[in-house]
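Analysis of the macromolecular model
Each chain is listed here by its residues.
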Amino acid sequence: MPALVELASIHPDVQTRAYWEFVKARELRFQKCEVCGAFRFPPLSGCRDCGASQSSWVAVAGRGRVFSYTVVHHPAIPEVREDVPYAVVVVEFDDAPGVHLVSNVLDVPPEEIEIGMQLELVWDEPSPGVILPRFARVRGEE
Ligand SMILES: [Zn+2]
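Now for a look at the structure at hand. None of these values were measured; they are calculated from a predicted model. (Residues numbered from 1 in each chain as written. Predicted model: local features only at pLDDT ≥ 70, side-chain atom pairs only at ≥ 80, totals over all residues. Heavy atoms only, no water.)

1. Focus on the sheet that holds strand 6 (residues 96-103)
What counts is decided by this rule: Strands are labelled as partners when DSSP assigns at least two bridges between them. To qualify as a helix, a DSSP run of H or I must reach at least 4 residues; to qualify as a strand, a run of E must reach at least 2; elements of each kind are numbered from the N terminus. A fitted line through C-alpha atoms represents every axis, and for helices the fit uses only the stretch in contact; the resulting angles, taken between N-to-C directions, go from 0 to 180 degrees. In what follows, a contact means two residues having at least one pair of non-hydrogen atoms within 4.5 Å.
A sheet is described by the order of its strands in space; here five strands give the open sequence 6-5-4-7-8, paired in antiparallel fashion. At either margin of the open sheet sits one strand with a lone partner, and together these are strand 6 and strand 8 (130-137). Taking the axes of each pair of neighbouring strands and ignoring which way they run, one obtains an average angle of 35° across the sheet. When strand 4 (residues 63-72) meets strand 7 (residues 118-127), the two strands line up antiparallel, connected through three bridges. Directly across from Gly-64, in strand 7, lies its bridge partner Leu-119. Against the sheet, helix 2 (residues 17-24) engages strand 6, strand 7 and strand 8, with an angle of about 75° to strand 8.

Laid out in structure tokens, this is it:
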């Protein structure tokens, strides 16, 4: 599978460190404003909606759907030469409105991905010690 998300995970900054620490423990958690309840992703020091800085990290069940996607045909970096074509999906969640997570669907060929496809979280370990939230199609519930 493509290494793009993996590459993005290598350099967490002060805002994203907590997110990646949870991911390492196979917990998908998103930052939620303690004042107005809005989710923040990518993580930020202040709420986009109300400006408050107080937040907590709320675990989600990992059920959601394809909000958008694109199919990559050209290997922009040598590391993904063997993986093209592959789909990059934007996932939205049942229990974290407003969050859009960029990831991949593991069990679906790119030409079968469609907007609205029901997904569930799968923890992937593409290389030892590198844990990534990826997704599988939920069958028979559409
Ligand atoms: Zn807020």
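Following the structure, the description resumes.
2. Digging into the pattern of salt bridges
The condition that has to hold: The term salt bridge refers to a pairing of a side-chain nitrogen on Lys or Arg with a carboxyl oxygen on Asp or Glu at a separation within 4 Å. When a residue's accessible area, from a 1.4 Å probe over protein chains only, is under 20% of the maximum for its type it is buried; when over 50% it is exposed; and in between it is partly exposed.
This model, assessed by the stated rule, comprises eight salt bridges. A salt bridge links Glu-120 to Arg-63; the nearest nitrogen and oxygen atoms lie 4.0 Å apart. Here Arg-63 lies in strand 4 and Glu-120 lies in strand 7, a separation of 57 residues in the sequence. Overall, the relative accessible area of 29% leaves Arg-63 in the partly exposed class. Its salt-bridge partner being Arg-134, residue Asp-124 comes within 2.6 Å of it at the nearest N-O pair. Taken together, the residues span a long stretch of sequence, with Asp-124 in strand 7 and Arg-134 in strand 8 at a distance of ten residues.

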